[in-house]
Amino acid sequence: MPLIAALSIAALASTPPPPPPIVIPAPVDKSPLPLLESADGWPALISWNITDARCNDGALDTAGVKAVFRAMSNRPIRSAAQIIYRFDIDADGRPISIESDGSPGALGQDLPASLAASRFPVGQARTRCAIRYRVSAQAVGAAAPRICSLIR
C-alpha cells in the first residue's frame with residue numbers, strides 16, 4: 001500500500017500539461033452586400049441575366065442556355081451582384097464539370113440546374129468555358145405583361 005499511496009501523491013503533485021494553443025480564426029468580412037433595388041418599389045421580380053460567356057477559344061453562343069426561373073421578392077434583398085460558372089462542353093454540346101465561384105443564394109438555386117440542362121452547338125468539344133450571371137430586380141409593375149403572366 002505505501003507504494004500505491006506514494007505513486008498517487010506523486011501523480012497529484014506533478015504539474016498538469018500545458019493547455020492546447022488558442023487558435024484565433026481569420027477575421028470575417030462583415031461589410032454589407034449590395035442592396036438590390038427595384039425602380040419603383042416592392043414587390044420585385046428578381047432575375048439572373050448572362051452578362052458574359054466565353055471559352056478559352058473565344059465567345060460562347062448562349063442561345064441554347066435554358067432560362068432561369070424568375071423569383072418574386074416582397075422586400076429588398078442583400079445578395080452578391082454576380083456569380084460565374086466554369087465548365088467544359090463535350091462534343092455533344094453538353095456542359096460538363098460545372099463549378100461556381102460562390103453561391104447564388106436561395107433565389108438563384110436554379111442557376112446550376114438550368115446550365116446543366118442547356119445545350120451548346122454540337123461538334124467540337126470546348127474547354128475552360130465561363131458564364132457570368134448578374135442579378136437584377138425589376139418592379140413587378142414595370143415588368144413586361146408576358147413575364148407577369150408567367151409568375152401568376
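This one's a predicted model, so the numbers in the text were calculated from it and none came from an experiment.

**Q** Looking at this structure, I do not really get the packing of aromatic side chains. What am I missing?
**A** Both the distance between ring centres and the angle between the ring planes are used here to describe each pair of aromatic rings. A complete count under the given rule lists two aromatic pairs for this structure. When the centroid spacing of 5.8 Å and the interplanar angle of 25° are considered together, the rings of F87 and F120 count as stacked. Here the residue F87 occupies a position in strand 6 (residues 82–89), and F120 occupies one in the loop between helix 2 (111–117) and strand 8 (126–139), the gap between them amounting to 33 residues.

**Q** Is there a simple way to explain the pattern of salt bridges in this structure?
**A** Charged atoms that come close allow side chains of opposite charge to pair. Evaluated as defined, the whole model comprises four salt bridges. A salt bridge links D57 to R126; the shortest N-O distance between them is 2.7 Å. Remark: R126 occurs in strand 8 and D57 occurs in the loop between strand 2 (44–55) and strand 3 (58–59); sequence separation between them is 69 residues. On the accessibility criterion, R126 (18% relative accessible area) is buried. The partner of R94 in a salt bridge is D90, with the nearest N and O atoms 2.9 Å apart. Residues joined in a network through salt bridges with shared partners are D90, D92 and R94.

**Q** In this structure, what is going on with the confidence of the model for the protein? I would like to understand it.
**A** Low-pLDDT portions of the prediction should not be read for the details of their coordinates. Looking at the protein, the pLDDT average stands at 77 and 68% of residues meet or exceed 70. Ranking the elements of the protein by mean pLDDT puts helix 3 (residues 145–150) last with 52 and strand 7 (residues 95–100) first with 94.

**Q** Can you walk me through the state of the cysteines in this structure?
**A** Using the criterion set out here, one finds one disulfide in the structure. Disulfide pairing places C55 opposite C129 at an S-S distance of 1.9 Å. Residues C55 and C129 are joined by a disulfide whose S-S torsion is about 100°; by sign, that bridge is right-handed. With C55 in strand 2 and C129 in strand 8, this residue pair connects regions lying 74 residues apart in the sequence. Classification of C55 as buried rests on a relative accessible area of 6%.

**Q** Looking at this model, I keep getting lost on the pairing of strand 6. Mind explaining?
**A** Regular strands show a simple pattern: their side chains alternate between the two faces of the sheet. Note: strand 6 against strand 8, seven bridges, orientation antiparallel. Residue pairing for strand 8: Q82 is matched across the bridge by R134. Alignment of strand 6 against strand 7, held across four bridges, turns out to be antiparallel. For R86, the partnering residue across the bridge sits in strand 7 and is E99.

About the criteria used
- Residues numbered from 1 in each chain as written.
- Predicted model: local features only at pLDDT ≥ 70, side-chain atom pairs only at ≥ 80, totals over all residues.
- Heavy atoms only, no water.
- Phe/Tyr/Trp six-rings, centres within 6.5 Å; stacked < 30°, edge-to-face > 60°.
- Helix = DSSP H or I, 4+ residues; strand = E, 2+ residues; numbered from the N terminus.
- Salt bridge = Lys/Arg side-chain N within 4 Å of Asp/Glu carboxyl O.
- Buried < 20%, exposed > 50% of the residue type's maximum accessible area, 1.4 Å probe, protein only.
- pLDDT = per-residue confidence, 0-100.
- Disulfide = S-S within 2.5 Å.
- Pairing = 2+ DSSP bridges.

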